[in-house]
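Survey of secondary and tertiary structure
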Amino acid sequence: MTATLITGIAELVTNDPAAGDGSPLGIVTDAAVVVDEGAGGSRIAWVGSRTRAPAADARTDLGGRAVVPGFVDAHTHLVFAGDRSAEFAARMAGTRYDGGGIATTVATTRAASEGTLRALLAERIAELRRQGTTTVEIKSGYGLTVADERRALRLAAEVTTETTFLGAHVVPPGSARGEYVDLVTGDMLAACAPDARWIDVFCEPASPHAFDGDEARTVLAAGRAAGLGLRVHGNQLSAGPGVALAVELDAASVDHCTHLTGADVDALASSGTVATLLPGVEFSTRSPYPDARALLDAGATVALATDCNPGTSYTSSMAFVIALAVRELGMTPAEALRSATAGGALALRRTDIGVLAPGKRADLTVLDAPSHVHLAYRPGVPLARTLEVGGTPSRR
Ligand code: NIG
Ligand code: FE
């Protein structure tokens, strides 16, 4: 085992109030970190003030930069081929998003070879990692046949442990609604469950393509019976039943939360279900942003994620999402960073990531800036990158 001492950290965000200044971000200034590189990947051995740092085998100096926990992007749809820039341009000219464009990506993804999809996925993972994301959740949902959904999940499982079966993304064109729900909860689930940790459903009665509350309940119950954890796309286009259903079933996360009633906010605040906000979607669909302030003030746990997909949010940048959250969702820079790291970890029910403390994974992101505030203060500037210390495992 090799121990590496990292110094030159102007500001270390630990997300561990006990280790730092007592704030939720647990900030240590003029800090040091010791990372142990072992067979199972790198782990944090020590964090604290540089002046009290223990000796180590090797040393890295970051020259006065900020270090934050690696971003946890707990909601993406990275397995796809083709793009929908024309749909985006039409939306910017006034067309509304209703999920209909998903069928376009389903067609291009089905037509792509496995090798092409694997190469596209690898490029996207590299793009995420270059921008400071160390854990990524990946959904299927652009196959919508047994074979195409299974292929997507197998590819996703090659690059992450956070794989999500989203056969219930939309009813594919030409399929009868009831028969498709039967397929998703029957043969498709059976084929996909071995490669999936989670099941998700696009619960949105306001979309003619997505699923209503009863259908979503059926899908989630089947997934739970197959041993999968629950996630929900809810309340994206309307104040529908998604949030209430997610809370009732103790889903790990309900994502979008763009249109919430007061009862939805209260339900989330008194639940273990994380509200994952995806402001790249509102940016790219020209929709009103969700009210993060109401959720945080009520005591709900909030995560931020990119929702990286070719339809509603073709960004891989968690820094961009943080900047949007600060400027448009009413979050402070500290709240946004915490939601993009510890919040994402909670949305994935992970205790080994999101916090920089002894024993946790050494998932470190370095900023070309002295403070985390610069993530929102300098929007669009590529400040964040993943800090590789020794051998890091390829699957996160
Ligand atoms: O999370 N809303 C449902 N699914 C995706 C969009 C997929 C698409 O339009 O291709 C989302 O926004
Ligand atoms: Fe999504």
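Bear in mind that the values here come from a model prediction, so they are computed numbers and not experimental data.

What counts and how
Residues numbered from 1 in each chain as written. Chains lettered and ligands numbered in written order. Predicted model: local features only at pLDDT ≥ 70, side-chain atom pairs only at ≥ 80, totals over all residues. Heavy atoms only, no water. Helix = DSSP H or I, 4+ residues; strand = E, 2+ residues; numbered from the N terminus. Rg over C-alpha atoms; globule rule 2.2 N^0.38 Å. Buried < 20%, exposed > 50% of the residue type's maximum accessible area, 1.4 Å probe, protein only. Contact = heavy atoms within 4.5 Å. Lys, Arg positive; Asp, Glu negative; His and termini not counted. Charge placed at Lys NZ, Arg CZ, Asp CG, Glu CD. Near = heavy atom within 4 Å. Polar contact = N/O pair within 3.5 Å; in protein donor to acceptor, adjacent residues only side chain to side chain. Areas by Shrake-Rupley, 256 points an atom, 1.4 Å probe, with all protein chains shown as cover. 1 Å grid on protein atoms, 1.4 Å probe; cavity = no way out; pocket = protein on both sides within 12 Å on 5 of 7 lines; lining within 4 Å. Sits in = over half its atoms within 2 Å of the grid points. Nonpolar A, V, L, I, M, F, W, Y, C, P; charged D, E, K, R; others polar. Phe/Tyr/Trp six-rings, centres within 6.5 Å; stacked < 30°, edge-to-face > 60°. Points joined across faces, edges and corners; volume = space filled by probe spheres on them. Pairing = 2+ DSSP bridges. Axes fitted to C-alpha atoms, helices over the stretch in contact; angles between N-to-C directions. Salt bridge = Lys/Arg side-chain N within 4 Å of Asp/Glu carboxyl O.

Structural notes on the overall build of the protein chain
A count of helices and strands for the protein chain gives 13 helices and 15 strands. Its C-alpha radius of gyration of 21 Å places the protein chain within 12% of the 21 Å reference for a compact globule of 396 residues. By its C-alpha atoms, the protein chain is 65 × 45 × 40 Å across when sized along the principal axes. Burial status across the protein chain gives 56% buried among its 396 residues. Long-range contacts, defined here as pairs at least 24 residues apart, represent 70% of the contacts in the protein chain between residues at least 6 apart. Separation between the mean location of the 34 positive side-chain charges and that of the 44 negative ones in the protein chain comes to 4 Å.

Here's the deal with the site of ligand 1
Close to ligand 1 lie 15 residues; R84, Y97, Y142, Q236 and T312 are nearest. H233 is positioned with one of its side-chain polar atoms (N or O) 2.9 Å from an oxygen atom of ligand 1. When isolated, ligand 1 has an accessible area of 330 Å², and the protein chains bury 100% of it. With respect to the detected pockets, ligand 1 is housed in the largest cavity. In terms of residue class, the shell around ligand 1 is built from four nonpolar, nine polar and two charged.

Observations regarding the packing of aromatic side chains
Under the counting rule described, the total for this entry stands at three aromatic pairs. Summarising the aromatic geometry, the rings of F80 and Y142 are spaced 6.2 Å apart at their centres and angled 70° between planes, so their arrangement reads as edge-to-face. Separated by 62 residues along the polypeptide, F80 in the loop between strand 5 (71-73) and helix 1 (85-92) and Y142 in the loop between strand 7 (138-139) and helix 4 (146-159) bring together distant segments of the chain. Residue classification places F80 among the buried residues on the basis of a relative accessible area of 0%.

Some remarks on empty space enclosed by the protein
Summed over the entire model, instances satisfying the criterion amount to four cavities of 30 Å³ or more. Reported here for the largest cavity is a volume of approximately 90 Å³. Lining the largest cavity are H77, Y97, I102, Y142, H169, F202, H233, Q236, H256, D307, N309 and T312. Per-class residue counts for the lining of the largest cavity are four nonpolar, seven polar and one charged.

With respect to the sheet that holds strand 3 (residues 41-49)
Across a sheet, strands are paired by hydrogen bonds formed along the backbone, either parallel or antiparallel in direction. With mixed pairing, six strands are arranged side by side in an open sheet as 3-2-1-4-14-15. Edge positions in the open sheet fall to strand 3 and strand 15 (384-387), since each of these has one partner strand only. Taken over all neighbouring pairs, the strand axes of this sheet differ in orientation by 45° on average, direction set aside. Bridge analysis of strand 2 (residues 27-38) against strand 3 gives eight bridges, and the strand direction is antiparallel. Within strand 3, the residue paired with V35 across the bridge is I44.

Observations concerning the pattern of salt bridges
On inspection of all chains with the given rule, the structure shows 24 salt bridges. The closest approach of N and O atoms between D148 and R110, which form a salt bridge, is 4.0 Å. Separated by 38 residues along the polypeptide, D148 in helix 4 and R110 in helix 2 (residues 102-111) bring together distant segments of the chain. R110 sits in the partly exposed class, given a relative accessible area of 35%. Between D363 and R361 there is a salt bridge, with the nearest N and O atoms lying 3.9 Å from each other. Relative accessible area serves as the criterion here: at 14%, R361 is assigned to the buried category. Overlapping salt bridges bring together E162, R197, R350, D352, R361 and D363 as one network.

By themselves, these are just geometric observations and shouldn't be taken as functional.
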